[in-house]
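Residues per chain are reported as follows:
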Amino acid sequence: MKESGQDGVCSFLLKFSKKLKACSLSGLVETKSTVLEEEEDGVIYNVVVKQQRSAPTSATSSSRSQCVKAGTEEKLVQHLLHSFAMGDSSFITIFLATYRSFTSTKRVLDILIDRLQHPPGERTKSQIRQPFNRAVCMVFSMWLSEYPEDFRFLGEPGLLLRLAPLLPSDPSGTEIRGRLLRLAQELSEQALLPDSSSDRTTPSPADPTKFDPTNILGFPAGLIAEQLTKIETELFVRLVPYHCLGSLWSQRDKKGREGVCWSVRATVRQFNRLANAVMASCLWPTQLRSQQRACLLEKWISVAEECRARKNFSSLYAIVSALQSNPVHRLRRTWLETDREAVRRYEELSNIFSEKDNYSQSRELLKEEGTSKFANLDGKMNNRRQIGSSAQGTVPYLGIFLTDLTMLDTAVKDRLENGYVNFDKRRREFEVLAQIRLLQSSCKNGVFLTDEAFLQWYQSVPSLNEEESYRLSNEIEVPSEPSSGRTLNPTVIITRCPNLNSSRTSLVADSDGLFYFPSPVCHFLSKFTKHMKSPSVSCLDVDSSHPTNDPIPSALTPSTPVKSHRRSVSCGNNPTNNNKGSGPDMRIVRIRMDLQDGNMYRSILVTNNDKTPTVISSALDKHSQDPKQASRYELIQLLPEGKELVIPATGNVFYAMTSSSVDFLLRRQGGNTPFRSQPINTETSATFPRIKAKGRRLFF
């Protein structure tokens, strides 16, 4: 098995730390490390110089290692062919995983072809070119093996036909040349075929007359969880990790980019579908008595438990989110009839996805169980799972990784002041992608059987929209008078964090867990998220976008005992002045535009130095609009109770905004369409997995 560049770095650091510790204990070696930055021919390197002095003889020795910090686009591509020889063994792996965020496949191939046409040492001895030839073969072998879709999506074979003759003539080069020529032939054949994109048909909607919600009670909870895990595992294994990059995921709604991040979209659709199935089965049979409907809730709680035992966190969260949705949660009489032990277990499962400390409990479970054979459960349930069952991989809730990558994309600049591509940012992003790939590897050996009867029921579930869900819920239990103990305003999350530039640190080895990735991104995110409660799926607990003011029943106020099964709506602390750093204050806000191709929020990092024109320009750029048109827009903060605050045209946004909201609107000056003619839409930032308040369903 080939050792990835990331694994090689971790292995090296672990061995080095052990050796250093042993030498230090004996008092024989004194080590001093110095970190420098050096720029050479369009590339900036982080250089680590280690000096060691032996105590008895005072003899000194030094070692030097370097890795790329930043560079021009052209020089970074050319560095692919020199990085391994320079000791930067992880560069190729990181570059191939993240380059789409700052350049294109065609551009990379153009630069490499030009480099191959003018290789080093072409007039010198052949042995000088041998390392270069090996590097060429290494790059293209890895690229073709791990990202073959990059070449299939080129559209035309011209680049591949230009590249093939330039490859080395040794056996490795010959093998790669053959693969490229076969891909070129595929592209040529595809060009001759008619465009089939218009022939794609969407599945016909389910017939509501054939849907029997209570049939779900006839399937064992373990069987349902097994089938859901089969679906989720197949989707997760096919996931393309770089589709999760914040810079790509945030562009998915742009016109002409409907096919971007298709593998993430597939996971999103399954999340929505399962959440819809849970809600429909609980709401559709309006004629059921409360005791009968409680059996449906108990069934889904049992299924959620079985998903937890199979380490299927994606389905687990979809079920929990559906049960926490307002149309289901407001059914007071049904919850009163639900078995108390089932409610207690449901509450425990809900706590797994608590937003506290940026999903700290979910992250800890992934660290503990990511590569383990079985879930770390207590009691009889765990013993029952392991007897006669095969080891299964871990299917995570993808939103956690999307959140991390979005935070990185928002908080760290793509380029330095001199225009160089910030490759340090790509290293941090790669650490998150590496965690996804590790989990994927644990899922590849899963074996599942298909149960056609359950799949037939699952496919028969009709899709409920928000209005239908509330209509059915109100038919089951008529709304009562509003309670003074509960407010319908969505939870406000304000981000305030110290200087992010100080979070750049060196690699640290940790041998306690296989699923721990020692890297700058882990330390960076731990510091960054310590002061951040990101706009996540479970913080939008209230449906303020529904046209009717459907109150929360008074029986579900904090004074009611049954409320104990429900998590608090609060999911973040108000900003305080406890986090005083030497760097500039910052907040992440969400800015919305009314566009023809969608009504979306984008996350923007605002510092205490940013004036209104700068923020408007950044927001326009995030929405793929012309930043030069900033003077034609005004920035408006959307406050609770339908109020608005117009930020002065030349004001400092950080100090002008209030702490009661992070939602903003870009409105054309002189516009005559009032934005607040409809209630606030409480969806999360477009760069996050966007969730409606009802059911917290991911949607497009």
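The numbers attached to residues start from 1 for each chain and follow its sequence in the written order. A pLDDT threshold of at least 70 governs which residues receive local features in this predicted model, and a stricter bar of 80 or more applies before side-chain atom pairs are shown or counted, although totals over entire chains, interfaces and linings include all residues. As a rule here, side-chain values come from all non-hydrogen atoms in the structure, and water together with hydrogens is ignored.

(A) Broad picture of the overall build of the chain. Summing up its helical and strand segments, the chain has 25 helices and nine strands in all. When the 700 residues of the chain are sorted by exposure, 53% land in the buried category. What makes two residues a contact is simply this: any of their non-hydrogen atoms within 4.5 Å. Of the contacts formed within the chain by residues at least 6 apart in sequence, a portion of 74% connects residues at least 24 apart. Per-residue and other accessible areas follow the Shrake-Rupley method at a 1.4 Å probe size, with only the shown protein chains counted as cover for residues. For the chain, the accessible surface area stands at approximately 32,700 Å², while carbon and sulfur atoms represent 50% of it. A run of DSSP states H or I qualifies as a helix once it reaches four residues; a run of E qualifies as a strand once it reaches two. Both are numbered from the N-terminal end. With a 1.4 Å probe rolled over the protein chains alone, any residue whose accessible area is under 20% of its type maximum counts as buried; one over 50% counts as exposed, and the rest are partly exposed.

(B) The arrangement of the environment of S247 in detail. For S247, the location among the structural elements is in helix α10 (residues 246-249). With 162 residues separating them along the chain, S247 and D409 place their C-alpha atoms 6.4 Å apart.

(C) Looking closely at the packing of aromatic side chains. Note on aromatic pairs: the rings of Phe, Tyr and Trp (six-membered ring only in Trp) are paired at centre separations within 6.5 Å, and the planes decide the class, stacked below 30 degrees, edge-to-face beyond 60, tilted for the rest. Scanning the model with the defined rule gives 20 aromatic pairs in all. Look at F140 and W143: their rings are 6.1 Å apart centre to centre, the planes differ by 20°, and that puts the pair in the stacked class. Taken together, the positions of F140 and W143, both in helix α5 (residues 126-146) and three residues apart, correspond to about one turn of that helix. Exposure class is identical for F140 and W143. Each is buried.

(D) Expanded view of helix α22 (residues 466-476). Residues of α22 that are buried include every one of E466, S469, Y470, L472, S473 and I476, and no others. Seen from one end, α22 has its buried residues packed into an arc of 160°, which puts them on one side. In the core, the buried residues of α22 are packed alongside α11 (262-283), α12 (290-309), α14 (326-329) and α15 (332-337). Two N or O atoms count as a polar contact when they lie within 3.5 Å, although within protein this holds only if one can serve as hydrogen donor and the other as acceptor, and sequence-adjacent residues are included solely when both atoms are side-chain atoms. Put simply, N465 is the residue that caps the front of α22, since its side-chain oxygen is 3.2 Å from the backbone nitrogen of E467. This arc is built from the directions going out from the helix axis to the C-beta atoms.

(E) Region of the structure containing unusual backbone geometry. For C261, which is not glycine, the phi dihedral falls at a positive 60°. You can see C261 is positioned in the loop between α10 and α11. Its identity is not glycine, yet K311 carries a phi of approximately 60°, on the positive side. In this structure, K311 sits in the loop between α12 and α13 (313-323). A relative accessible area of 1% places K311 in the buried class.

(F) Structural context of the nonpolar core. Here, nonpolar core refers to any group of buried Ala, Val, Leu, Ile, Met, Phe, Trp, Tyr and Cys residues whose side-chain atoms link them within 4.5 Å. Core analysis: the largest hydrophobic core is formed by 125 residues, its most contacted members being F95, F140, W143, W300 and I319. The element best represented in this core is α11, accounting for eleven residues. Residues within four places of W143 in sequence aside, it is in contact with L96, Y99, T105, V108, L109, L112, P148, D150 and F151. With 18 residues, the next largest nonpolar core counts V589, V606, Y633 and I647 among its residues.

(G) Representation of the pattern of salt bridges within the structure. In the sections that follow, a salt bridge refers to a side-chain nitrogen of Lys or Arg positioned within 4 Å of a carboxyl oxygen of Asp or Glu. Scanning all chains against the criterion turns up 29 salt bridges. Across the pair D150 and R100 runs a salt bridge, and its minimum N-O distance is 2.7 Å. Here R100 lies in the loop between α3 (91-98) and α4 (105-117) and D150 lies in helix α6 (residues 149-152), a separation of 50 residues in the sequence. Overall, D150 belongs to the buried group, its relative accessible area being 5%. Across the salt bridge formed by R590 and D663, the nearest N and O atoms sit 2.5 Å from each other. Within this pair, whereas R590 is found in strand β5 (residues 586-595), its partner D663 is found in strand β9 (residues 663-668), the two being separated by 73 residues in sequence. Taking the relative accessible area as the measure of exposure, D663 reaches 12% and is therefore buried. Shared partners join several salt bridges into a network, and the residues in it are D409, D414, K425, R426, E429 and K622.

(H) How the structure looks around the side chain of E149. Mapped onto the secondary structure, E149 falls in helix α6. Here Asp and Glu are counted as negative and Lys and Arg as positive; His is not counted, and neither are the chain ends. Buried within the structure, E149 lacks any salt-bridge partner; its nearest side chain of opposite charge belongs to R100, at an N-O separation of 5.4 Å. Of note is the side chain of E149, whose polar atom sits 3.5 Å from the side chain of Y242. Excluding residues that lie within four positions of it along the chain, E149 makes contacts with V240 and Y242.

(I) Layout of the pairing of strand β3 (residues 60-71). A pair of strands is considered paired only if DSSP assigns at least 2 bridges between the two. The pairing of strand β2 (residues 43-54) with β3 spans eleven bridges and is antiparallel. Residue pairing in the sheet places Y45 in a bridge with V68 of β3. Pairing geometry for β3 and strand β4 (residues 421-422), over two bridges, is antiparallel. Counted as the bridge partner of A70 is N422 from β4.

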